[in-house]
Amino acid sequence: MILSNSVIVLAYVVAAAVILPALSMIALGRVPAFLRRQFDAGATRTRIEGIGLLLIGFFILADALAADLGRRSEVPQDWILLVWIGLAAGLIGIRYLAGRSDNAQRRKSTPR
């Protein structure tokens, strides 16, 4: 199935829209205003969430790049599986490092 140019460009735009707030979260330790929730986590947790968001952005970017290169070249696309495995492992590792959210810990500790 051949994807049109507009779908691939949209995937690149979505990747940039995910990567830029992630870099902001990592650098500043604060969630951008348009992503804030009522409960705002500390700087360390925000940076960890930013790294996870960055990995998701790279996943989208790698997917768009694979679709774009698959249409334009005769290069085998087997390398994208290795990239996906690496990004998925990174996401699992970040989830392990982050632990449970503060809300989940608070709900578990309060008696009903």
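Residues numbered from 1 in each chain as written. Predicted model: local features only at pLDDT ≥ 70, side-chain atom pairs only at ≥ 80, totals over all residues. Heavy atoms only, no water.

Q: How do you make sense of the overall build of the protein when you look at a structure like this?
A: Of regular secondary structure, the protein possesses four helices and zero strands. When the helices and strands of the protein are placed in sequence order, the string is α-α-α-α. Counting only residues that meet the buried cut, the protein has 23% of its 112 residues in that class. Within the protein, residue pairs in contact and separated by at least 24 positions form 64% of the contacts whose partners lie at least 6 positions apart. In the form shown here, the protein has an accessible surface area of approximately 7,900 Å², with 67% of it arising from carbon and sulfur atoms. (Helix = DSSP H or I, 4+ residues; strand = E, 2+ residues; numbered from the N terminus. Buried < 20%, exposed > 50% of the residue type's maximum accessible area, 1.4 Å probe, protein only. Contact = heavy atoms within 4.5 Å. Areas by Shrake-Rupley, 256 points an atom, 1.4 Å probe, with all protein chains shown as cover.)

Q: Sorry if this is basic, but what is going on with helix α1 (residues 5-28) here?
A: For an α-helix, 3.6 residues make a turn, and residues three or four places apart therefore share a direction. Between its first and last C-alpha atoms α1 spans 35 Å; for 24 residues at 1.5 Å apiece the expected length is 34 Å, and the two agree. Of the residues making up α1, those classed as buried are I8, A15, V18, I19, P21, A22 and M25. G29 occupies a position one or two residues after α1 and carries a positive phi of about 75 degrees. (Expected span 1.5 Å × (residues − 1).)

Q: Just checking my understanding: could you explain the pattern of salt bridges for this structure?
A: Two side chains with opposite charge may pair up if their charged atoms get near one another. In this structure the tally under the stated criterion is one salt bridge. A salt bridge links R45 to E49; the nearest nitrogen and oxygen atoms lie 3.6 Å apart. Residue R45 and its partner E49 are both found in helix α2 (residues 43-72); the two are separated by four residues, about one turn of the helix. Looking at R45, the relative accessible area reads 19%, which means it is buried. (Salt bridge = Lys/Arg side-chain N within 4 Å of Asp/Glu carboxyl O.)

Q: Just to check I follow, could you spell out the environment of L87 for this structure?
A: Its location among the elements puts L87 in helix α3 (residues 79-98). The buried category is assigned to L87, whose relative accessible area is 11%. Linking L87 and G52, residues 35 residues apart in sequence, is a C-alpha distance of 9.5 Å. With near-sequence residues (within four places) excluded, L87 lies in contact with L55, F58 and F59.

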